[in-house]
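Geometric and topological summary
Here is how the chains run, residue by residue.
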Amino acid sequence: MLMPRSASPAPGPSSSADHPKVTLTLAGCLEGARSIMPMMPGLAVFAMAFGAVAEQKGLSLAEASLSSALVFAGLAQMVALEGWSQHWSASALLALAFLTFTVNMRHVLMAAALRPWFAPLPAWQTYPSLLLLADNNWAAAMRYYTLGGRDAGFFVGSGFVTWSVWVAATALGHLAGGGVPDAKAVGIDLVVPAFFIAMLLPNWRGRREAVAWGVAAAVSVTVSFVLAGWWFIVVGALAGALAGGFVDDER
Amino acid sequence: MTSGEAGALAAILVMAAVSALNRTAGFFLMRLIPVTPRVRRVLDALPGALLVALLVPGAVHGDLGMAAGLGAALVAAKLTRNDFLAVISAMGTAAAVRAVVG
């Protein structure tokens, strides 16, 4: 569960000693799967909550499971349920597409951040892998990369475990219906942010992070008060990253 | 749900298509941007900035249990470097604070 401090400690047979080669191996998949385990109990409860609400909103078991399997984005799925209906006009579908896009816009930035790592891999490996992108496995993978890991399998393995648990627990929640526990009373809403904090800390290097994180915090909070919706995530992140990019290397 | 079935399915497929686009577009578009040292620094700073932009507004708009739980996670992650302990202490702290404050 605990990531080794120096990631990819025993370089696989395909990595060279001086410059670790970018690979996608089964060993990497297993390491990623293991590293994401602390998230899974909390994620399962989230998915069950989605399944239970979906059931109340009139989605069939198949529809709820299909939504989790194909959309695989908890926040967007949950938000969409608020306006869910059995009849969708073209304009309602367009509004749904726009809502999904804005809620998931952070994934555009997350995938962009994966470019330096995944670029050497062939497209038939990268694009299917990217479909497994979710907040928590991306965060875990970026920490792994920051600590020197280069095996893309880490991202795939952690993503696949997340996806499997997400879909299975959605179905469970739909079947359990109202029997799902009150998530807030037991602090389930803390699982994702607490995991993010654990992923964030190793990113600290110095002045650039002070600037980037400070700007990201200030801008995202300001935008969250000024603009309705989910813009604060992307606007804050972009502002912070751009500000950090203008801090020259100290070393 | 006779005529609705196709409707709900269409909505799910629309969300799936947009989500797939979101997941792949950023990676694809970065192909068109030359990675100069400055772009490289922006990309380096992006993961941390994105996590901060997800975390801090949630903490600001959340209740006392959220704030206390995040504080506990910060301390636990810093001291133990263990993800599981960070998550558990955050949940426990938030649950305890909410049990007291209501």
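How each quantity is defined
- Per chain, residues are indexed from 1 in the order of the written sequence.
- Here chains are named by letter from A upward and ligands by number from 1 upward, in the order in which they appear as written.
- Confidence filtering applies because this is a predicted model: local features only for residues at pLDDT of at least 70, side-chain atom pairs given and counted only at 80 or more, and all residues used for totals across whole chains, interfaces and linings.
- Comment: elements are numbered from the N terminus, with helices defined as DSSP H or I runs of at least four residues and strands as E runs of at least two.
- Values of the radius of gyration come from C-alpha atoms, whereas the globule rule sets the reference at 2.2 Å times the count of residues to the power 0.38.
- Labels follow a simple rule on C-beta atoms placed from the backbone: if 20 or more others lie within 10 Å of a residue's own, it is buried; if 12 or fewer, it is exposed; otherwise it is partly exposed.
- Working definition of a contact: two residues with C-beta atoms, positioned from the backbone, lying within 7 Å.
- Each residue receives one of three labels: charged for Asp, Glu, Lys and Arg, nonpolar for Ala, Val, Leu, Ile, Met, Phe, Trp, Tyr, Cys and Pro, and polar for the others, Gly being one of them.
- All the domain ranges listed were derived from an automatic or database domain assignment.

**Considering the overall build of chain B**
- Secondary structure assignment for chain B yields four helices and zero strands.
- Going from the N terminus to the C terminus, chain B shows its helices and strands as α-α-α-α.
- Expected size for 102 residues packed as a compact globule is a radius of gyration near 13 Å; at 21 Å, chain B overshoots this value by more than 25%.
- Relative to its 102 residues, chain B shows a buried fraction of 48%.

**Section: the interface of chain B and chain A**
- Between chain B and chain A, the residue contacts involve 61 residues of the former and 77 residues of the latter.
- For the side of chain B that touches chain A, the secondary-structure elements that each account for two or more residues are helix 1 (4–29), helix 2 (37–61), helix 3 (64–80) and helix 4 (83–101) of chain B.
- Taken together, the residues of the side of chain B that touches chain A break down into 42 nonpolar, 13 polar and six charged.

**Focus on the domain arrangement of chain A**
All names here are of chain A.
- If you check the domain split of chain A, you get domain 1 (26–187) and domain 2 (204–251).
- The gap between the C-alpha centroids of domain 1 and domain 2 is 24 Å.
- Of the residues lining the interface, five residues belong to domain 1; the matching set on domain 2 comes to six residues.
- When contributions to the side of domain 1 that touches domain 2 are tallied by element, the ones reaching two or more residues are helix 5 (90–103) and helix 6 (105–113).
- It is helix 6 that provides the largest number of residues to the side of domain 1 that touches domain 2, a total of three residues.

**Notes on unusual backbone geometry**
- Phi at F72(A) is positive, roughly 50°, even though this residue is not glycine.
- Checked against the element boundaries, F72(A) lands in the loop between helix 3 (61–70) and helix 4 (74–82).
- Its identity is not glycine, yet R81(B) carries a phi of approximately 55°, on the positive side.
- Within the secondary structure layout, R81(B) lies in the loop between helix 3 and helix 4.
- With 15 C-beta atoms counted inside 10 Å, the residue R81(B) sits in the partly exposed group.

**Comments concerning the environment of A217(A)**
- Structurally, A217(A) can be placed in helix 12 (residues 207–226).
- The spatial distance from the C-alpha of A217(A) to the C-alpha of V192(A) is 18 Å, given a sequence separation of 25 residues.
- Not counting residues up to four positions away in its chain, the partners in contact with A217(A) are V52(B) and V56(B).

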